[in-house]
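The residues making up each chain are set out below.
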Amino acid sequence: MSSLLLLNGSPRGSRSNSMKMLSRVAEGWERAGGAAPQVLHLAYGVDFARAVEAFGESDVVLLGTPLYTDSMPAIVKSYVEALAPYVGRSGNPRLAFLVQSGFQEALHSRPVEWYFEKIARRLDCAYAGTIVRGGGEALQAMPDQANNRLWERLIGLGESLERDGRFDAEILALTARTERFSPPAAVAVKLALMIPGTQFYWNGQLKKNGAWDRRFAAPYSER
Ligand SMILES: Cc1cc2nc3c(=O)[nH]c(=O)nc-3n(C[C@H](O)[C@H](O)[C@H](O)COP(=O)(O)O)c2cc1C
């Protein structure tokens, strides 16, 4: 029976959208006959250290991350860099990834997907594919039953990972949904975002996290 290491790269840890999605993939993995995965959250220091060690002991590793500033949270990048000792080692695990973003269009996450594919090559790991999904923040607000179609697809992807050693291409495409808005849809979204109140949720997040006063901070600008 193959072993699966499930790594959650969200700074939110166990209550993150990434974890909600990863759990469903794990459900499919187990449904197809795989052993219960080891789950580690990179945001927790003890788990991070264990995750580097566990990489070398697993048959398959699935790393999930939210998209942060068109890239990934620092803990995910640090984790990838901590894998340097595994370069050139034989018997590295098969690698699979999940990238989910706030924006709806999947295209925002594609550069991170390409980066992960390249990392798999550099580590001499077989690449099992990357799940890409936009509109991830909606999972915080919506009841679980409202996302049944997404859960079914993620379960299907977990099953294919266990059964075929890689994600099913057809289910990957369905999960990604909108690759890019059509020009009329893009205009409609732009107009909708101009309506006062549409930023209510994110403004609330800034206030809740004590970042409201620094929302226009530009620490790297050369002023
Ligand atoms: C600091 C920060 C930066 C973000 N940057 C992006 C971004 O560049 N593009 C995007 O589509 N979503 C972005 N998001 C939204 C997250 O990707 C989205 O809310 C995701 O579902 C959070 O997942 P989590 O709960 O697993 O952390 C950002 C969120 C935060 C907090």
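Just so you know, these numbers come straight off a predicted model, no measurement behind them. (Residues numbered from 1 in each chain as written. Predicted model: local features only at pLDDT ≥ 70, side-chain atom pairs only at ≥ 80, totals over all residues. Heavy atoms only, no water.)

Trainee: What is the right way to look at the pattern of salt bridges in this model?
Mentor: Charged atoms that come close allow side chains of opposite charge to pair. Summed over the entire model, instances satisfying the criterion amount to 10 salt bridges. As a salt-bridge pair, Glu 27 and Arg 24 come within 3.8 Å of each other at their nearest N and O atoms. Residue Glu 27 and its partner Arg 24 are located together in helix α1 (residues 17–31), separated by 3 residues, close to a single helical turn. Its relative accessible area of 33% is what places Glu 27 among the partly exposed residues. Salt-bridge contacts for Glu 179 lead to Arg 110; the nearest nitrogen and oxygen are separated by 2.7 Å. Remark: Arg 110 occurs in helix α4 (residues 110–122) and Glu 179 occurs in the loop between α7 (169–176) and α8 (183–194); sequence separation between them is 69 residues. Using a relative accessible area of 35% as the deciding quantity, one classes Glu 179 as partly exposed. (Salt bridge = Lys/Arg side-chain N within 4 Å of Asp/Glu carboxyl O. Helix = DSSP H or I, 4+ residues; strand = E, 2+ residues; numbered from the N terminus. Buried < 20%, exposed > 50% of the residue type's maximum accessible area, 1.4 Å probe, protein only.)

Trainee: How should empty space enclosed by the protein be read in this particular structure?
Mentor: Evaluated as defined, the whole model comprises 1 cavity of 30 Å³ or more. What lines the largest cavity is simply Leu 7, Phe 55, Val 61, Leu 63, Tyr 79, Val 80, Leu 83, Leu 95, Phe 97, Ile 119 and Leu 123. For the lining of the largest cavity, the secondary-structure elements that each account for two or more residues are β3 (60–66), α3 (74–82) and β4 (94–100). Looking at the lining of the largest cavity residue by residue, the class counts come to 11 nonpolar, no polar and no charged. (1 Å grid on protein atoms, 1.4 Å probe; cavity = no way out; pocket = protein on both sides within 12 Å on 5 of 7 lines; lining within 4 Å. Points joined across faces, edges and corners; volume = space filled by probe spheres on them. Nonpolar A, V, L, I, M, F, W, Y, C, P; charged D, E, K, R; others polar.)

Trainee: Help me understand the packing of α3 against α4, please; the structure alone is not making it clear to me.
Mentor: The relative placement of two packed helices comes down to the angle between their axes together with the axis-to-axis distance. Packing of α3 against α4 leaves a shortest axis separation of 12 Å and a crossing angle of 20 degrees. The angle between α3 and α4 places the two elements in the roughly parallel class. The two elements α3 and α4 meet at a crossing, and its hand is left-handed. Here α3 contributes Val 76, Lys 77 and Val 80 to the contact with α4, which in turn contributes Tyr 115, Phe 116 and Ile 119. (Axes fitted to C-alpha atoms, helices over the stretch in contact; angles between N-to-C directions. Parallel < 35°, antiparallel > 145°, perpendicular 65-115°, else oblique. Left-handed = near helix turned anticlockwise from the far one by under 90°. Contact = heavy atoms within 4.5 Å.)

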